[in-house]
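# Architecture at a glance
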Amino acid sequence: MKLFVITGTCGAGKSTMKDYLSKRLTNELYVPVDGDEVGLNWWDYAGTENESKYNEDTLRCATKMAEGKNLIYVSCLNPIDYFQKIDVPEEIETTHWIALCPSDDVIEQRLKARPAERGFTSDEIIRPHIEYNGWFRRNKSKFQLFIDNTEKAEEETAELIASYILKVN
């Protein structure tokens, strides 16, 4: 199984890309899974001694959902945590990293536009996500595909990702 991780901070467009790729690449070869949809809740891990297991457990669930097909995994996971903190499921033979990194202004606009129940209700809450976005920008060489999607249409970004995935496979 090949793993394609589409990553970025909250508001980068990951879930939107999963929706596009579900239409574009869903067949006998690929299963797009959003880490937010595997049935685990971050808040069940946050502040506990198992906090660091959240990404590992979520990836394991997504891998099972893929049922042996190539997994397109949408998550805030980064390569450093993946290689240093996660016991990668043995089904995963290769991992490819795709980062979405729009401008900080775009991240701020997108997060402020979300419904209040999503929790992005203040600059203090949004600031760490903008800082994490900066980490992606500073570390763009760690990704096989790095996309600044600040001025790209959703369809254009999805096509770049789909083309990369199809080329690798």
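That block above? That's the structure.
Figured I'd write up the structure that's included with this text. (Residues numbered from 1 in each chain as written. Predicted model: local features only at pLDDT ≥ 70, side-chain atom pairs only at ≥ 80, totals over all residues. Heavy atoms only, no water.)

## Thoughts on the pairing of strand E1 (residues 2-7)
- Buried residues dominate E1, accounting for five of its six residues.
- Both E1 and strand E4 (residues 94-100) contribute to a ladder of six bridges, which runs parallel. Directly across from Ile 6, in E4, lies its bridge partner Ile 98.
- By the bridge criterion, four bridges tie E1 to strand E3 (residues 70-74) in an arrangement that is parallel. (Buried < 20%, exposed > 50% of the residue type's maximum accessible area, 1.4 Å probe, protein only. Helix = DSSP H or I, 4+ residues; strand = E, 2+ residues; numbered from the N terminus. Pairing = 2+ DSSP bridges.)

## Quick notes on the packing of helix H1 (residues 14-25) against helix H6 (residues 154-168)
- Running from N to C, H1 and H6 cross one another at 55 degrees; their axes reach a closest spacing of 9 Å. By the angle class used here, H1 and H6 are oblique. Note that H1 runs across H6; the crossing there is right-handed. Across the interface between the two elements, Thr 16, Met 17, Tyr 20, Leu 21, Arg 24 and Leu 25 of H1 pack against Glu 154, Glu 155, Thr 157, Ala 158, Glu 159, Ile 161, Ala 162, Ile 165 and Leu 166 of H6.
- The residue makeup of the contact of H1 with H6, split by class, is nine nonpolar, two polar and four charged. (Axes fitted to C-alpha atoms, helices over the stretch in contact; angles between N-to-C directions. Parallel < 35°, antiparallel > 145°, perpendicular 65-115°, else oblique. Left-handed = near helix turned anticlockwise from the far one by under 90°. Contact = heavy atoms within 4.5 Å. Nonpolar A, V, L, I, M, F, W, Y, C, P; charged D, E, K, R; others polar.)

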